[in-house]
Amino acid sequence: WDKSDNALEFADNAKAVFGDGADLQIYHDGSQSVIKDNGTGQLLISGENTIALTNAGATENYARFLNNGAVNLYYDNSKKAETTSSGFDVTGTLTTSGLTTDGTVTFSSTSDNVNFTGASSHALWIPASNAFRFNDNTKALFGTGNDLEIYHNGTHSIIQDSGTGNLMLASSAFQVTNVAISETMIYALPDGAVNLYYDNSKKF
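K.L.:
Just checking my understanding: could you explain the pairing of strand 14 (residues 157-161) for this structure?
P.N.:
Note on strand geometry: in a regular strand, side chains alternate between the two faces of the sheet. Across 5 bridges, the pairing between strand 13 (residues 148-152) and strand 14 is antiparallel. If you follow Ile150 over to strand 14, its bridge partner there is Ile159. Between strand 13 and strand 14, which pair antiparallel in sequence order, lie 4 residues; one of them, Gly154, sits at a positive phi of approximately 100 degrees.

Dropping the structure here:
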């Protein structure tokens, strides 16, 4: 007992031992500070309100556990993840080598783009344009054998049917127009005519 520090001091490797079978040990081995549970049951750390893991000066948080509330995780004293009443929130980028879910997966953003990144090209959801964009050479594939491909190769827009069967376009009326949708090139009707145009003037 050191009266000057008003503390009970243990030398290196001297242990405070608890339990009939030395179930709980607290000591410093000369290099590391150790809380060691060798016994049955759980090692419980309980607190009436908040439990915090901090640096030595208690000036930076590592983790905070709130009674009836969140578990917060920090990086350099900046909160990066927390549990919520509905799940788990991450601030920043979440990187994982795999993701398995047994529920609905929602990609939600009202301002920032949602990126789907590949090796050389990718797709993204653009909330400002209310659009899902495939970059050049990123393909939308359909069919188990990738029978139908839709993509832009940087020069041309391509719908490519390389699988079995026919490429079928089904519609109550079929119309091919210019980019501005202001001039008709082809117009076809079921149970009716197929019309061909020149400079928006029907010729055949």
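Still more ground to cover, so stick around.
K.L.:
Whenever I open this one, unusual backbone geometry confuses me. Can you help?
P.N.:
Glycine aside, residues mostly have negative phi, and peptide bonds are mostly found in the trans state. Despite not being glycine, Asp191 has its phi angle at roughly 55 degrees, a positive value. Along the polypeptide, Asp191 turns up in the loop between strand 16 (184-188) and strand 17 (194-198). The backbone phi angle of Asn200 is positive, close to 65 degrees, even though this residue is not glycine. Within the fold, Asn200 resides in the loop between strand 17 and strand 18 (201-202). For Asn200, a relative accessible area of 37% translates into the label partly exposed.

K.L.:
Looking at this model, I keep getting lost on the pattern of salt bridges. Mind explaining?
P.N.:
When their charged atoms lie close together, side chains carrying opposite charge are able to pair. According to the stated counting rule, one finds 2 salt bridges in the structure shown. The closest approach of N and O atoms between Lys79 and Glu82, which form a salt bridge, is 3.6 Å. Note on Glu82: relative accessible area 23%, which makes it partly exposed. A salt bridge links Lys139 to Glu149; the nearest nitrogen and oxygen atoms lie 3.1 Å apart. In this pair, Lys139 sits in the loop between strand 11 (131-134) and strand 12 (140-142) while Glu149 sits in strand 13, placing the two residues 10 residues apart along the sequence.

K.L.:
So what exactly am I meant to see when it comes to a nonpolar patch on the surface here?
P.N.:
A cluster of nonpolar residues, Leu169, Phe174, Met185, Ile186, Val194, Leu196 and Phe204, forms a patch on the protein surface that exposes about 700 Å² of accessible area. Mapped onto the nonpolar patch, the elements with two or more residues apiece are strand 16 and strand 17. By secondary structure assignment, the location of Met185 is in strand 16.

K.L.:
What's the story with the sheet that holds strand 9 (residues 114-117) in this structure? I'm lost.
P.N.:
Note: strands within a sheet are paired through backbone hydrogen bonds, in either parallel or antiparallel orientation. Taken in spatial order, the 3 strands make up an open sheet running 9-10-11, and their pairing is antiparallel. What marks the edges here is a single partner per strand, and that holds for strand 9 and strand 11. Taking each pair of neighbouring strands and ignoring which way they run, the sheet shows an average axis angle of 10 degrees. Judged from the 4 bridges that link them, strand 10 (residues 122-126) and strand 11 form a sheet pairing that is antiparallel. Opposite Trp125, over in strand 11, you have Phe132 as the bridge partner.

K.L.:
Teacher, can you tell me more about the packing of aromatic side chains here?
P.N.:
The way to describe two aromatic rings as a pair is by their centre distance and the angle between their planes. Using the criterion set out here, one finds 2 aromatic pairs in the structure. Taking 5.3 Å as the distance between ring centres and 65 degrees as the angle between the ring planes, the aromatic pair formed by Phe132 and Phe134 counts as edge-to-face. Put simply, the rings of Phe116, Phe132 and Phe134 touch in pairs and so form one group of aromatic residues. Cation over ring: Lys15 sits above Tyr27, and NZ or CZ is 4.7 Å from the ring centre. It is Lys139 that lies over the ring of Tyr151; its NZ or CZ is 4.6 Å from the centre.

What counts and how
- Residues numbered from 1 in each chain as written.
- Predicted model: local features only at pLDDT ≥ 70, side-chain atom pairs only at ≥ 80, totals over all residues.
- Heavy atoms only, no water.
- Pairing = 2+ DSSP bridges.
- Helix = DSSP H or I, 4+ residues; strand = E, 2+ residues; numbered from the N terminus.
- Buried < 20%, exposed > 50% of the residue type's maximum accessible area, 1.4 Å probe, protein only.
- Salt bridge = Lys/Arg side-chain N within 4 Å of Asp/Glu carboxyl O.
- Patch = residues over 30% accessible without salt bridge, like charges linked within 9 Å, V, L, I, M, F, W, Y side chains within 5 Å.
- Areas by Shrake-Rupley, 256 points an atom, 1.4 Å probe, with all protein chains shown as cover.
- Axes fitted to C-alpha atoms, helices over the stretch in contact; angles between N-to-C directions.
- Phe/Tyr/Trp six-rings, centres within 6.5 Å; stacked < 30°, edge-to-face > 60°.
- Lys NZ or Arg CZ within 6 Å of the ring centre and 35° of its normal.

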